[in-house]
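# Summary of the model geometry
The chain contents come next:
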Amino acid sequence: MKAIDKANSFLKKYRHAWVLLYFLIYMPWFVYLERRTNVRHYMIHSPIDNHIPFIEYFIVPYLLWFVFIAVTVAYFLIKDKWGFYRLCAFLFSGMTVFLIICTIFPNALNLRPTVFPRDNVFTDLVKMIYKADTPTNVLPSIHVFNSLGACIAISHSNDLKKHRWIQISAYVLAGLIVLSTMFLKQHSVTDVIAAVTMACVIYPFVYVTADKKAPKLSQQPT
C-alpha cells in the first residue's frame, strides 16, 4: 500500500507532466516527414555557408543539446510548474510551426562533406549522426530554437537568477550548440536565422503576455 500511495502522490504532484504527451503527436509526424518519398525538397543554402569550415569537434556541444534540453525540462517539471508550462508552450509552439513548414515546404541541405579532413573519434560520431539524421527537414533549426527556449526559461526563473553561474553556463552552451549546427554542416545559416526569428515571434506571446497577466492573477481571491 505504501508503494501505491507514493505512486499516487507522485502522479498528483507532477500531474502537469501531461503536456509532454505532445510528443505522441510530434514524433509520428516528424518520422513521417523523414521517411516520406516522392516529394521535391527545396535546397536551403546561404553564400555564408561556403565560408564556414567543417569542424568535427563541435559534435560535443551538438550532442550535449539532448542533455541540455532534457535537464532543463526536467528541472522546471520538478521545481517550477508555471515555468514548466511556459517552457513547454514555447518549445511546442515552435516545434509545431517547424512541422507545418516542413510539411508544406519540404526542405533539405547539401552541405555535408563526402570526405572528412581527419579521422578520429569525433568524425566517427559525426558519421553516426549523419547516418541517423537525414539532411531533410532542416528549416528552421530545432537545435537552435530549443536551445534559445531553454535559455529564455532559465533567464526567467527567479530561483536560477540566484545562481548566476548556471545562467552563464546555459548561455555559453547554447551559443556553442548554435555554432555546432553550422560547423557540422547540419544546418545552413538560413536555418539558424529562421530559428532565431521564430523565437523572437513566439517569445512575446508566451513570456511577455504571461508576465502581464501574472500580477492580475495573483490578486484574484483564492
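This one's a predicted model, so the numbers in the text were calculated from it and none came from an experiment.

### So, the packing of helix 6 (residues 142-156) against helix 7 (residues 164-183)
Orientation of helix 6 relative to helix 7, taken along the N-to-C sense of each, is 170°, at an axis distance of 9 Å. One way to sum up the angle between helix 6 and helix 7 is to call them roughly antiparallel. Every residue of helix 7 that contacts helix 6 at His143, Val144, Ser147, Cys151, Ile154 and Ser155 is listed here: Gln167, Ala170, Tyr171, Ala174, Ile177, Val178 and Thr181. Grouping the constituent residues of the contact of helix 6 with helix 7 by class yields eight nonpolar, five polar and no charged.

### Overview of helix 6
Residues that lie three or four places apart on an α-helix share one face, since the helix turns once every 3.6 residues. End to end, helix 6 covers 21 Å across 15 residues, agreeing with the expected 21 Å (1.5 Å per residue, within 8%). Between a side-chain oxygen at the N-terminus of helix 6 and the backbone nitrogen of His143 the separation is 3.4 Å; the capping residue is Ser141.

### Overview of the packing of aromatic side chains
Counting across every chain of the model gives 18 aromatic pairs. Aromatic pair Tyr26 and Phe30: ring centres 5.9 Å apart, planes at 5°, arrangement stacked. In this pair, Tyr26 and Phe30 both sit in helix 2 (residues 23-35), four residues apart, roughly one turn of the helix. Its relative accessible area of 7% is what places Tyr26 among the buried residues. Taken together, the aromatic side chains of Tyr22, Phe23, Tyr26, Phe30, Phe92 and Phe98 make up a single cluster linked through ring pairs.

### So, the pattern of salt bridges
One pass over the full model with this rule turns up two salt bridges. For the salt bridge of Arg118 with Glu56, the shortest nitrogen-to-oxygen distance reads 2.7 Å. You can see Arg118 sitting in the loop between strand 2 (107-108) and helix 5 (121-132) and its partner Glu56 sitting in the loop between strand 1 (42-43) and helix 3 (59-79), a full 62 residues away along the chain. A relative accessible area of 36% places Arg118 in the partly exposed class. Taking the relative accessible area as the measure of exposure, Glu56 reaches 0% and is therefore buried. Across the salt bridge formed by Lys162 and Asp159, the nearest N and O atoms sit 3.9 Å from each other.

### Structural notes on the nonpolar core
Residues Phe68 and Phe90 are the most contacted members of the largest nonpolar core, which totals 53 residues. Every element with two or more residues in this core is listed here: helix 2, helix 3, helix 4 (81-104), helix 5, helix 6, helix 7 and helix 8 (189-219). Here this core takes 10 residues from helix 4, the largest share from any one element. In this structure, Phe68 is in contact with Ser147, Ala150, Cys151, Ile154, Ala170, Leu173, Ala174 and Ile177, ignoring residues within four places of it in sequence. Judged by nonpolar contacts, the second largest core, of five residues, contains Ile44, Leu109, Leu111 and Leu139.

### Description of the packing of helix 3 against helix 6
Geometry of a packed helix pair, given as the angle between the helix axes and the separation of the axes. Relative orientation of the contacting elements helix 3 and helix 6 amounts to 35°, with a least axis distance of 10 Å. Considering how the two elements wind past one another, helix 3 and helix 6 form a crossing that is left-handed. Residue-level contacts link Tyr62, Trp65, Phe66, Phe68, Ile69, Thr72 and Phe76 of helix 3 to Ile142, His143, Asn146, Ser147, Ala150, Cys151, Ala153 and Ile154 of helix 6.

### Regarding the layout of surface pockets
Sizing a probe to match a water molecule and rolling it over the atoms shows the empty space that remains. Computed from the structure, the largest pocket encloses a volume of approximately 700 Å³. Lining the largest pocket are 33 residues, and of these Tyr26, Trp65, Phe66, Ile142 and His143 lie nearest its centre. Counting residues per element, the ones that place at least two in the lining of the largest pocket are helix 2, helix 3, helix 4, helix 5 and helix 6. When its residues are assigned to classes, the lining of the largest pocket shows 22 nonpolar, seven polar and four charged. Taken as a whole, the second largest pocket spans an internal volume of roughly 200 Å³. As for the second largest pocket, its lining consists of Val67, Phe68, Val71, Thr72, Tyr75, Phe76, Ile154, Leu160, Ile166, Ser169, Ala170 and Leu173. Of all elements in the fold, only helix 3 and helix 7 reach the threshold of two or more residues within the lining of the second largest pocket. For the lining of the second largest pocket, the class distribution of residues is 10 nonpolar, two polar and no charged.

Cut-off values and rules
- Residues numbered from 1 in each chain as written.
- Predicted model: local features only at pLDDT ≥ 70, side-chain atom pairs only at ≥ 80, totals over all residues.
- Heavy atoms only, no water.
- Axes fitted to C-alpha atoms, helices over the stretch in contact; angles between N-to-C directions.
- Helix = DSSP H or I, 4+ residues; strand = E, 2+ residues; numbered from the N terminus.
- Parallel < 35°, antiparallel > 145°, perpendicular 65-115°, else oblique.
- Contact = heavy atoms within 4.5 Å.
- Nonpolar A, V, L, I, M, F, W, Y, C, P; charged D, E, K, R; others polar.
- Expected span 1.5 Å × (residues − 1).
- Polar contact = N/O pair within 3.5 Å; in protein donor to acceptor, adjacent residues only side chain to side chain.
- Phe/Tyr/Trp six-rings, centres within 6.5 Å; stacked < 30°, edge-to-face > 60°.
- Buried < 20%, exposed > 50% of the residue type's maximum accessible area, 1.4 Å probe, protein only.
- Salt bridge = Lys/Arg side-chain N within 4 Å of Asp/Glu carboxyl O.
- Core = buried A, V, L, I, M, F, W, Y, C linked by side-chain atoms within 4.5 Å.
- Left-handed = near helix turned anticlockwise from the far one by under 90°.
- 1 Å grid on protein atoms, 1.4 Å probe; cavity = no way out; pocket = protein on both sides within 12 Å on 5 of 7 lines; lining within 4 Å.
- Points joined across faces, edges and corners; volume = space filled by probe spheres on them.

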